[in-house]
Amino acid sequence: MRGSVLGAAMCLVLLAPAVAGAAGPLDVGIAYYRQGQLAAAEAAFRKAARTSPRLHGPRLWLGATLYQQGRYREAAGVMEGALALAPRNANTWLWWGHALARSGEPARAREALQHVLLLTTRGYAADLTRMALRSLGPVPAGQPGAANPQVMLESPQTYRTLARFFNPRLTEREAQAI
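Calculation rules
- Residues numbered from 1 in each chain as written.
- Predicted model: local features only at pLDDT ≥ 70, side-chain atom pairs only at ≥ 80, totals over all residues.
- Heavy atoms only, no water.
- Helix = DSSP H or I, 4+ residues; strand = E, 2+ residues; numbered from the N terminus.
- Contact = heavy atoms within 4.5 Å.
- Phe/Tyr/Trp six-rings, centres within 6.5 Å; stacked < 30°, edge-to-face > 60°.
- Buried < 20%, exposed > 50% of the residue type's maximum accessible area, 1.4 Å probe, protein only.

1. Comments concerning the environment of Leu83
In step 1: On the secondary structure map, Leu83 appears in helix α5 (residues 72-85).
In step 2: Sequence spacing of Leu83 and Trp96 is 13 residues, and the spatial spacing of their C-alpha atoms is 8.5 Å.
In step 3: Sequence-distant contacts of Leu83, that is, excluding residues within four places in its chain, are made with Thr92, Trp93 and Trp96.

2. Focus: the packing of aromatic side chains
In step 1: All told, the structure shown has five aromatic pairs when counted by the stated rule.
In step 2: Between Tyr67 and Tyr72 the ring centres are 5.0 Å apart and the planes differ by 70 degrees, which places this aromatic pair in the edge-to-face class.
In step 3: A relative accessible area of 6% means that Tyr67 is categorised as buried.
In step 4: For Tyr72, a relative accessible area of 22% corresponds to the partly exposed category.
In step 5: When the ring of Tyr67 is compared with that of Trp95, the centres are 5.4 Å apart and the planes differ by 90 degrees; the resulting orientation is edge-to-face. Taken together, the positions of Tyr67 in helix α4 (residues 57-68) and Trp95 in helix α6 (residues 90-102) put the pair 28 residues apart, joining distant regions of the chain.

Printed below as a string of structure tokens:
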């Protein structure tokens, strides 16, 4: 069950930052994304990325949409482009790390996820990062960080909170089951 919640939780982290000044196709894409209309959301985010090439938000949303469609390698490439525009954005590093992990690149994923913890040590992004690092398993001997203990989530309520925020149609009973 946590695996499915992880995708929803990552989406929440993406939704958390405000995208000031971005109207038009980005807003349309977000609306489609929230309704689960991923093909329409993808088209809107691609348009937003073309019309606002200096904003990382449309690329991050596009990457998240591709990720939700199971197109992990493509998502990782798009998110890497978003990182070039916002290299200090912890959420982008988090998404990129997950896309790399799903693309079969655990070493690069671990590096990306560890970078998140350099940028932020508290809150949802940090909690999700710790969970993702644990899901990658122990660090192979000889690699940096091999001696680090596994870190627990800061808040056991995180899964439910993130799932409810990301999916407003989730009932209280369903959230409690998570």
